[in-house]
Amino acid sequence: MAVPGKVAAYRLPPLPTVGEIIKLFRLKAQKQLSQNFLLDLRLTDKIVRQAGELKNAHVCEVGPGPGGITRSILSAGVEQLLLIEKDARFIPGLQMLSEAAPGKVHIVHGDILTYKMEKAFPKHLKKNWEDEPPDIHIIGNLPFSVSTPLIIKWLENVSKKDGPFIYGRTQMTLTFQKEVAERLTANPGGKQRSRLSIMSQHLCTVENCFIIPGQAFVPKPEVDVAVVHFTPLVQPKIEQPFKLVEKVVQSVFQFRRKYCFRGIETLFPESGRLKRTEQLMMTANVDPTLRPFQLSMSHFRNLCNTYRKMCDEDPSLFAYNYREDLRQRKTMRNLLKSTSEPKQTEEENQL
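Residues numbered from 1 in each chain as written. Predicted model: local features only at pLDDT ≥ 70, side-chain atom pairs only at ≥ 80, totals over all residues. Heavy atoms only, no water.

For the chain, the name recorded in an unreviewed UniProt entry is rRNA adenine N(6)-methyltransferase, with Opisthocomus hoazin as its organism. As its UniProt record puts it under Sequence similarities (unreviewed entry), the chain is described as follows: "Belongs to the class I-like SAM-binding methyltransferase superfamily. rRNA adenine N(6)-methyltransferase family. KsgA subfamily." Here the chain is described in UniProt, under the heading Subcellular location (unreviewed entry), as follows: "Mitochondrion". (UniProt positions renumbered as here; feature names shortened; annotations may be inferred.)

A. Seen up close, the UniProt feature "binding site: S-adenosyl-L-methionine" (unreviewed entry) in the chain. Per the UniProt record, the feature "binding site: S-adenosyl-L-methionine" (unreviewed entry) sits at Asn36, Leu38, Gly63, Glu85, Asp111 and Asn141. Relative to the elements of secondary structure, Asp111 occurs in the loop between strand S4 (105-109) and strand S5 (136-140). The class of Asp111 is partly exposed, set by a relative accessible area of 23%. Among the polar contacts made by the side chain of Asp111, one reaches the main-chain amide nitrogen of Leu113 at a distance of 3.0 Å. With respect to the secondary-structure elements, Asn141 resides in the loop between S5 and helix H5 (144-160). Each residue touching Asn141, except ones within four places of it in the same chain, is listed here: Asn36, Val62, Gly63, Ile69, Thr175 and Phe217. (Helix = DSSP H or I, 4+ residues; strand = E, 2+ residues; numbered from the N terminus. Buried < 20%, exposed > 50% of the residue type's maximum accessible area, 1.4 Å probe, protein only. Polar contact = N/O pair within 3.5 Å; in protein donor to acceptor, adjacent residues only side chain to side chain. Contact = heavy atoms within 4.5 Å.)

B. Spatial organisation of the environment of Gly63. On the secondary structure map, Gly63 appears in the loop between strand S2 (58-62) and helix H3 (68-75). Accessibility expressed as a relative area gives 27% for Gly63, which makes it partly exposed. Along the sequence, Gly63 and Leu142 sit 79 residues apart, while their C-alpha atoms lie 6.6 Å from each other. Ignoring sequence-local partners within four residues, the contact set of Gly63 consists of Ile84, Glu85 and Asn141.

C. Representation of a nonpolar patch on the surface within the structure. Side chains of Met332, Leu335 and Leu336 sit close together on the surface and give an oily, nonpolar patch of about 370 Å² of accessible area. Along the chain, Leu336 falls in helix H12 (residues 322-336). For Leu336, a relative accessible area of 66% puts it in the exposed group. (Patch = residues over 30% accessible without salt bridge, like charges linked within 9 Å, V, L, I, M, F, W, Y side chains within 5 Å. Areas by Shrake-Rupley, 256 points an atom, 1.4 Å probe, with all protein chains shown as cover. Salt bridge = Lys/Arg side-chain N within 4 Å of Asp/Glu carboxyl O.)

D. Geometry of the packing of helix H10 (residues 273-284) against helix H11 (residues 297-313). At a minimum axis distance of 9 Å, the contact between H10 and H11 shows a crossing angle of 130 degrees. Considering the angle they form, H10 stands oblique to H11. For the pair H10 and H11, the crossing hand works out as right-handed. Of the residues in H11, those in contact with Arg276, Gln279, Leu280, Thr283 and Ala284 of H10 are Asn302, Leu303, Thr306, Tyr307 and Met310. Looking at the contact of H10 with H11 residue by residue, the classes come out as five nonpolar, four polar and one charged. (Axes fitted to C-alpha atoms, helices over the stretch in contact; angles between N-to-C directions. Parallel < 35°, antiparallel > 145°, perpendicular 65-115°, else oblique. Left-handed = near helix turned anticlockwise from the far one by under 90°. Nonpolar A, V, L, I, M, F, W, Y, C, P; charged D, E, K, R; others polar.)

E. Quick look at the packing of H5 against helix H8 (residues 242-252). For the pair H5 and H8, interaxial distance at closest approach is 10 Å and the crossing angle is 130 degrees. By the angle between their axes, H5 is oblique relative to H8. On H8, the residues that touch Ile152, Leu155, Glu156 and Ser159 of H5 are Phe242, Lys243 and Glu246. Within the contact of H5 with H8, the residues separate by chemical class into three nonpolar, one polar and three charged.

What follows is the structure, given as structure tokens:
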């Protein structure tokens, strides 16, 4: 858990307000990019405080937009600030901030989903994984459309200790839709317990810091926004490859309202499915009548470890794709159909 830091360790010279920057450069939030501006500097300061002590730190801000959070980061006295902005319309306003903090800001016009962060920071900042987190932080008010794929990408980086985590256990302070934040932090039995809960919590300490009401943004989104802080764990709670854990977790939550047995059996081809599913659940000591959201982290750890052993015994097993198998069977039925149209199976209706 991050210890909230202080803001205002560095004083920027007089600048136009964020609202004036928006007017000056005729900036308008684009709905197709799910952009929402945060103009209240008290709130941007509060977001930055959740990252912890930033004095002399190296920070990457994702999607700075008109630069509200950027100002708060600079005011915290950072050593270097890397800004990654996809929308070229915001670059002139960010350059104005860069000129106000000489030598501190580097602006990249690019997409964070494809940007290579392995070389984003100086090599001397690297720390061993077992050490305290490096003096590197990722902060961002993420567009809703990119937040989930981006955190999944970064969680895979955490698992592999690459990308921004090549420097050690880099901390992240990010915004999400309130509902997504609730999924990220949900406990077993909670109604928001989901794939995201397991994938994030088995790799990181995840803290839902505070809620920002939708009316604080321009334009106002239909939902509230939450600030979430991530600190990678020294030891993951499930010590298996990311793709294997992801496959098991996705399968379990595939039929969220049914018994977990129903989702787990989709890990196996139709031939021998029942026997293998029973073998997996018995060895993992998981009650087949539990719902997916009732399973604990130890349940998922046992399932992943047992499934890994089964894959080692049968290397073709991991390549099996239930959805692709369904598609192929449906295509085959369509090719062989006669005058009467066959009904869709229960699985196809659910998916």
